[in-house]
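Read off the chains here:
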Amino acid sequence: MNSIRIAIAGAGRMGQALAASIDGLPDLVLAGVWHRGADLDALLKKADVVIDFSLPQGTEAVLAAAIGNQVPLVCGVSGLDDKLTRRLHEAALHLPLVYDRNMSLGIAVLERSVREAATTLGTAFEVVIAEVHHVHKKDAPSGTALKLGEAVAEARGEASTDRIKFESERRGEVPGDHQVTMRTPTETLAFSHSVTTRQVFVDGALRAARWVVGQPPGLYAMQDVLFRP
Ligand SMILES: NC(=O)c1ccc[n+]([C@@H]2O[C@H](COP(=O)([O-])OP(=O)(O)OC[C@H]3O[C@@H](n4cnc5c(N)ncnc54)[C@H](OP(=O)(O)O)[C@@H]3O)[C@@H](O)[C@H]2O)c1
């Protein structure tokens with residue numbers, strides 16, 4: 001079996017960790033890492049899949065190049081605005097695209113649990129989503145906190161996350177802690193997830209990259225990568 005050729009967009013913390021991981025894996029080969037100002041089209045011409053861990057300013061170019069070169073995409077960038085989110089949906093009409101603001105197995109499981117709890121408990125419970133990340137993180141609340149909030153709102157039949165309280169803290173080099181608390185004056189239910197290394201997200205992104213190659217066009221999430229029969 002031929003190795004899957006992976007292009008990486010974004011040469012920051014995640015991009016570098018991904019590139020280092022691919023080096024040691026027999027079924028994957030690094031096609032290259034896209035730096036600011038480099039030729040993305042040329043890179044994608046020699047790739048089977050592109051993983052985007054740049055920032056929102058980079059994602060627009062990644063979407064255009066992925067469509068132009070018909071290369072499946074895994075995007076983990078958080079903080080996309082409405083316009084970029086629409087572009088993402090448009091791109092998914094043309095290619096298979098996994099977008100997830102958290103690539104970890106634990107958060108995928110937690111999302112399912114939170115959905116079930118919110119469906120059962122309903123709107124009587126106040127929901128607080130607290131997150132802690134490293135001081136370099138640019139967006140707040142984290143994409144993961146927002147994604148969990150959207151899951152709660154959807155499960156409760158609410159059109160927005162307005163009734164959910166978000167708390168963000170930036171401290172040291174914390175790779176990512178999240179806690180979802182549901183409470184009334186008499187009862188508290190809490191879910192928490194913590195990672196000690198961003199390698200967890202790297203492993204999830206590589207799993208998504210292997211999965212997305214050969215899928216039909218569409219917008220997928222880690223829920224699909226991990227749980228689709
Ligand atoms: N989905 C997940 O599981 C997950 C996990 C961790 C992080 N994330 C998200 O992934 C993204 C990257 O995280 P990170 O910690 O790796 O950030 P980072 O260290 O700041 O790296 C971002 C990289 O993107 C590059 N970049 C920005 N704009 C660009 C442009 N217009 N063209 C080309 N390159 C550009 C930056 O280049 P310069 O240095 O030249 O600016 C930098 O190398 C963030 O949105 C973060 O929230 C998601």
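Residues numbered from 1 in each chain as written. Predicted model: local features only at pLDDT ≥ 70, side-chain atom pairs only at ≥ 80, totals over all residues. Heavy atoms only, no water.

1. Describing the pattern of salt bridges
And then number 1: One pass over the structure, following the stated rule, counts 16 salt bridges.
And then number 2: Between E111 and K147 there is a salt bridge; the shortest N-O distance is 2.8 Å. Here K147 lies in helix α6 (residues 143–155) and E111 lies in helix α5 (residues 105–121), a separation of 36 residues in the sequence.
And then number 3: We classify E111 as buried; its relative accessible area is 7%.
And then number 4: Overall, the relative accessible area of 9% leaves K147 in the buried class.
And then number 5: A salt bridge links R115 to E154, with the shortest nitrogen-to-oxygen separation between them at 3.1 Å. Separated by 39 residues along the polypeptide, R115 in helix α5 and E154 in helix α6 bring together distant segments of the chain.
And then number 6: Members of the salt-bridge network, linked through shared partners, are D100, E111, R115, K147 and E154. (Salt bridge = Lys/Arg side-chain N within 4 Å of Asp/Glu carboxyl O. Helix = DSSP H or I, 4+ residues; strand = E, 2+ residues; numbered from the N terminus. Buried < 20%, exposed > 50% of the residue type's maximum accessible area, 1.4 Å probe, protein only.)

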